[in-house]
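# Coordinate inspection notes
In case you want the letters, here they are:
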Amino acid sequence: MMIFLWLLGIMTLFYHEAGRGLWTGFLLVMTAITLMSGCLGLFSALLLVVLILLLIVLINAATLRMAWLSAPLFNIFRKIVPPMSATEKEAIEAGRVGWEKTLFSGKPDWKALHEMPQPSLSEREQSFLDNEVEEVCALLDDWKITHEDLDLPDQAWKLFKEKGFFGMIIPENYGGLGFSVRAHSDVIIKLASRSISAAVTVMVPNSLGPAELLLHYGTEKQRDHYLPRLAKGEEIPCFALTGPQAGSDAGSLPDRGIVIRDKSGELAIRLDFEKRYITLAPVATLIGLAFHLYDPDHLLGEQEDLGITLALLPRDTEGLEIGNRHFPANMAFMNGPIRGKDVIVGFDAIIGEQDGIGKGWRMLMESLGAGRSISLPALSVAAGKTMCLATGAYAGLREQFHHAIGRFEGVKEKLTGMAGETFIMDATRLMALAEIEAVERPAIFSAVAKYQLTEKMRRVVNHAMDIQGGSGICLGPSNVWGRVYQSVPVGITVEGANILTRSMIIFGQGAMRCHPFLLDEVLACEEAEKGEERFDAALWGHFRYIARNKVRALVLGAINPLRKLFIKDPVRRAELDIDRYSAAFAYVTDCLVMVYGGSLKMKEHHSGRMADVFSELLMAAAVLRQYRTRDHHDDEEKALLEWSMQYCLTRVAQSLSQVLVNLPFPFRLACWVVFPLGRRMPRSYDQLDDRLAELLIRPGEVRDRLVNGIYKGTERIALMEKTLKEVQKYSAEIKSVRRMKMHKVTDRYNPDQIDQAVDAGIISESVAEKLKEIERDREQIIRVDEFTPKELGGITAGP
């Protein structure tokens with residue numbers, strides 16, 4: 001009985017993060033109760049008293065604790081923890097963290113999440129979407145752009161410049177539009193749903209590039225000179241980072257800048273560089289350049305290696321060469337190499353001038369958030385929404401084996417994934433925008449959004465292509481799917497390849513930025529003075545943190561499944577699941593740190609799985625947040641919420657299980673803490689899947705909200721939407737005609753059969769005309785494009 005009371009008290013104190021006073025009182029009271037109970041012999045009682053007194057001293061006497069425990073552990077820790085390079089420090093310290101820190105630490109703050117403001121559009125921004133963006137979309141012909149011209153039409157380029165598309169992020173006082181992040185995202189969504197080449201062309205000047213860098217790091221003189229020109233489109237920017245020898249490892253730039261004195265005796269920089277994959281390079285007039293700066297002659301001081309630095313070079317700079325075009329994934333956006341040999345520039349070319357020397361890597365890491373949090377998620381959401389709209393309509397109209405193909409369960413599985421993952425993508429996009437407005441540059445959330453949403457885009461597009469079959473494969477003006485499918489690797493690759501982002505950045509950087517003690521412990525080892533004090537505070541805080549999360553994971557894993565039985569609110573039920581897995585994630589994180597120490601960053605199997613756990617929990621939270629923004633919910637929205645929670649939490653449980661079974665003994669026993677009732681996965685119901693599939697193949701308000709924001713003015717999209725609505729409107733009449741026994745084959749009815757239905761009095765003549773029109777539209781929708789040999793560049797049909 002006494003053992004039970006001790007365990008219950010200790011677990012309760014750890015669970016509630018009790019302070020020193022409560023711990024001291026508990027130890028004294030429980031010791032007295034134990035001694036008075038008479039359950040211990042004399043020797044055991046004396047031993048207990050000594051141990052408890054020693055423990056109380058360690059809890060309350062910091063000086064003795066440091067001398068006896070913290071100092072020896074500090075010396076051991078300094079030997080085993082590898083030193084952190086300057087590049088690693090800059091990457092870790094770049095950007096900020098928001099609500100995701102509470103999720104990472106094992107105790108999500110739901111009040112803060114649901115109070116997070118929803119990003120919205122101003123009247124001016126909504127007008128821009130309804131007018132200027134619609135005008136551009138209407139004149140774009142993506143087939144002509146990607147197959148014939150391999151460029152945007154001149155009128156589109158003109159509108160992009162005149163209407164301020166290239167200056168959405170530039171404040172109005174510099175001549176830009178000064179749009180919010182929500183407007184920025186929504187513009188990219190609508191453009192991408194019409195032409196990905198056009199969307200990428202607008203994305204680049206508004207993400208990682210000269211404008212973004214100048215706004216945050218440029219001098220006042222540089223901003224006054226360049227920003228108005230960029231806002232009006234007088235300058236077309238690009239940013240040159242990637243080169244043949246520096247791809248994912250962008251920090252190892254071989255491109256060099258040497259501090260010299262020019263012919264007039266002024267300080268200058270001689271640049272040699274080779275870059276590739278640079279979007280907008282072929283048409284750029286202002287090139288942002290990343291290079292490694294050296295001062296071998298010590299013209300600036302004693303330091304020779306000055307670090308990565310960023311500069312702005314006009315296109316006509318002597319020695320600068322803009323190469324020919326790359327042709328990325330059959331897209332027509334401008335992309336190509338940039339080279340330079342013995343290019344001489346002044347220090348005023350450096351972003352921030354001399355104050356910007358050596359700060360380039362930090363600038364890059366902090367500025368990646370725009371591409372990762374806004375542009376690429378918007379591109380992914382646009383693809384998901386477009387596929388849901390087009391393939392959902394197609395699956396409701398295309399018939400095989402006497403039924404619309406969307407009624408077959410094999411097709412429903414694909415449609416379900418498309419609807420559910422698009423719903424999750426949009427919720428995550430909106431939360432990412434809210435994070436930007438709250439903390440400005442969300443480092444961890446941006447990596448999650450980039451990786452997860454581009455991967456979900458890939459799955460949604462693949463599902464759509466599976467359903468479309470030959471109609472998705474045969475390219476042409478009426479093919480809505482083919483170019484989107486071809487473009488998927490672009491989003492996967494840029495702004496940090498997904499393999500790198502998953503296996504190294506999300507969990508590796510997240511552990512350092514979001515863990516409340518880990519970074520302090522590492523940095524304490526590098527401090528010459530007061531390192532022991534900082535380490536002591538971090539170490540014992542870390543110990544309480546581990547114990548708290550272990551207890552929370554065990555307790556919540558055992559009781560939350562039971563608590564859910566008495567809760568009807570689907571959001572609160574989901575929060576209980578996330579609470580439980582968040583504590584488990586935090587506990588397993590520390591298990592990994594204890595097992596692998598500093599070598600954890602090289603254990604990419606574990607890092608990738610833990611990145612998946614954290615990402616799925618964060619996206620589940622984003623869905624809950626988005627669901628809470630509406631007061632009334634249709635049954636279809638409730639189905640989307642339930643499916644999203646099942647999907648995310650199943651993947652969380654699977655990934656945690658894979659981490660645990662690959663840990664060495666005895667840490668593998670942590671599975672009993674994480675899964676105290678066994679490894680039970682959330683259940684999946686076929687009826688729920690069918691409801692999501694039905695959502696896409698039938699017109700309705702929830703379907704409209706799911707695909708809201710994309711361009712619907714293309715001929716094929718408009719025809720499919722019109723026909724789908726008419727099929728639903730006249731569904732009873734269509735069934736009546738098909739039930740006629742005039743023909744043995746009734747899977748498709750023809751005009752003669754419709755006329756016979758009129759003669760039989762089953763339908764009226766006006767309805768008959770409408771049914772014939774519906775059938776003509778169906779025929780048009782299922783047709784694919786065909787070309788003459790000349791139209792395909794001389795390719796013939798055979799020998």
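Structure's up top.
Small disclaimer: the values here were computed from a predicted structure and weren't measured. (Residues numbered from 1 in each chain as written. Predicted model: local features only at pLDDT ≥ 70, side-chain atom pairs only at ≥ 80, totals over all residues. Heavy atoms only, no water.)

Time to look at the overall build of the protein. Assigned secondary structure in the protein consists of 32 helices and nine strands. Against the compact-globule benchmark of 28 Å for 799 residues, the protein has a radius of gyration of 31 Å, which places it among compact chains. The principal-axis extents of the C-alpha atoms in the protein amount to approximately 105 × 85 × 55 Å. In the protein, which comprises 799 residues, the proportion classed as buried is 56%. Taking the intrachain contacts of the protein between residues at least 6 apart in sequence as the baseline, contacts between residues at least 24 apart amount to 76%. Carbon and sulfur atoms form 55% of the exposed surface of the protein, whose accessible area is close to 35,300 Å². Positive and negative charge centroids in the protein, built from 93 and 102 side chains respectively, lie 6 Å apart. (Helix = DSSP H or I, 4+ residues; strand = E, 2+ residues; numbered from the N terminus. Rg over C-alpha atoms; globule rule 2.2 N^0.38 Å. Buried < 20%, exposed > 50% of the residue type's maximum accessible area, 1.4 Å probe, protein only. Contact = heavy atoms within 4.5 Å. Areas by Shrake-Rupley, 256 points an atom, 1.4 Å probe, with all protein chains shown as cover. Lys, Arg positive; Asp, Glu negative; His and termini not counted. Charge placed at Lys NZ, Arg CZ, Asp CG, Glu CD.)

This model, assessed by the stated rule, comprises 43 salt bridges. Salt bridges sharing partners connect three or more residues here, namely Arg182, Asp186, Lys385, Asp426 and Arg429. (Salt bridge = Lys/Arg side-chain N within 4 Å of Asp/Glu carboxyl O.)

Further remarks concern the environment of Ala393. Mapped onto the elements of the fold, Ala393 is located in helix α15 (residues 360-397). A C-alpha to C-alpha distance of 9.5 Å links Ala393 and Lys722, two positions 329 residues apart in sequence. Every residue in contact with Ala393, bar those within four places of it in the chain, is listed here: Cys388, Leu696, Arg703, Met720, Glu721 and Leu724.

This part takes up helix α23 (residues 570-596). With 27 residues, α23 should cover 39 Å at 1.5 Å per step; its first-to-last C-alpha distance of 39 Å lies within 8% of that length. Buried residues dominate α23, accounting for 22 of its 27 residues. By the N-cap criterion, in which a side-chain oxygen at the helix start approaches the backbone nitrogen of a residue two or three places on, α23 is capped by Asp569, the distance to Val571 being 3.2 Å. Just past α23, the residue Gly597 takes up positive phi, approximately 60°. (Expected span 1.5 Å × (residues − 1). Polar contact = N/O pair within 3.5 Å; in protein donor to acceptor, adjacent residues only side chain to side chain.)

Together, Leu54, Val57, Leu64, Trp68, Leu69, Leu73, Ile76 and Ile80 make up an exposed nonpolar region whose accessible area comes to about 670 Å². For the nonpolar patch, the secondary structure elements donating two or more residues are α3 (42-60) and α4 (62-80). Examined against the element boundaries, Leu54 turns out to sit in helix α3. (Patch = residues over 30% accessible without salt bridge, like charges linked within 9 Å, V, L, I, M, F, W, Y side chains within 5 Å.)

So, on to α4. Along α4, the largest kink reaches about 45° and is centred on Ser70; proline Pro72 follows within four residues of it. Of the positions making up α4, those classed as buried are Arg65, Met66, Ser70, Ala71 and Phe74. On its buried face, α4 sits against α2 (20-37), α3, α21 (518-524) and α22 (531-563). (Bend = angle between axes of the 7 residues up to and from the residue.)

This next bit is on the pairing of strand β2 (residues 256-261). Sheet faces and side chains relate simply in a regular strand, where the side chains alternate between the two faces. Bridging between β2 and strand β3 (residues 267-279) involves six bridges; their strand directions are antiparallel. By the bridge assignment for β3, Gly257 is matched with Leu271. A loop of five residues connects β2 with β3, the two strands running antiparallel in sequence, and Gly265 in this loop sits at a positive phi of about 90°. Here β2 pairs with strand β4 (residues 286-294) via three bridges, running parallel. Bridge pairing in β4 links Ile258 to Tyr294. (Pairing = 2+ DSSP bridges.)

What follows covers the pairing of strand β7 (residues 335-346). In this sheet, β7 lies alongside β3 in antiparallel orientation, the contact comprising nine bridges. Its bridge partner lying in β7, Arg270 is registered against Ile344. Both strand β6 (residues 320-322) and β7 contribute to a ladder of three bridges, which runs antiparallel. Looking at β7, one finds that Leu320 is bridged to Gly340.

Let's shift gears to the nonpolar core. Residues Ile338 and Leu656 are the most contacted members of the largest nonpolar core, which totals 203 residues. When near neighbours in sequence (up to four residues on either side) are disregarded, Ile338 contacts Cys238, Ala240, Phe273, Glu274, Lys275, Ile278, Ala281, Ile287, Leu320, Glu321 and Ile322. Ala290, Trp361, Met363 and Leu364 belong to the second largest nonpolar core, which has 26 residues in total. (Core = buried A, V, L, I, M, F, W, Y, C linked by side-chain atoms within 4.5 Å.)

So, on to unusual backbone geometry. Note that the residue after Phe665, namely Pro666, is joined by a cis bond; omega there is 5°. Within the fold, Pro666 resides in the loop between α25 (635-661) and α26 (671-674). Its identity as a non-glycine residue notwithstanding, Tyr277 has a phi of 65°, on the positive side. Mapped onto the secondary structure, Tyr277 falls in strand β3.

Taken as a whole and judged by the stated rule, the model has zero disulfides. Left unpaired, Cys648 is separated from the closest cysteine sulfur, that of Cys388, by 15 Å. (Disulfide = S-S within 2.5 Å.)

Structurally, the position occupied by Ser655 is in helix α25. Given a relative accessible area of 8%, Ser655 falls into the buried group.

This structure, assessed with the given rule, holds 22 aromatic pairs. Aromatic pair Phe104 and Phe614: ring centres 5.1 Å apart, planes at 65°, arrangement edge-to-face. Taken as a pair, Phe104 in helix α6 (residues 100-104) and Phe614 in helix α24 (residues 604-628) lie far apart in primary sequence, 510 residues in all. With a relative accessible area of 1%, Phe104 lands in the buried category. (Phe/Tyr/Trp six-rings, centres within 6.5 Å; stacked < 30°, edge-to-face > 60°.)

Its place among the elements puts Ser193 in helix α11 (residues 181-194). Residue Ser193 is classed as buried on the basis of its relative accessible area of 13%. A polar contact is formed between the side chain of Ser193 and the backbone oxygen of Lys190, at a distance of 2.7 Å. A polar side-chain atom of Ser193 sits 2.8 Å from the main-chain amide nitrogen of Tyr711. Apart from residues no more than four positions distant in its own chain, Ser193 is found in contact with Ala382, Thr386, Ile710 and Tyr711.

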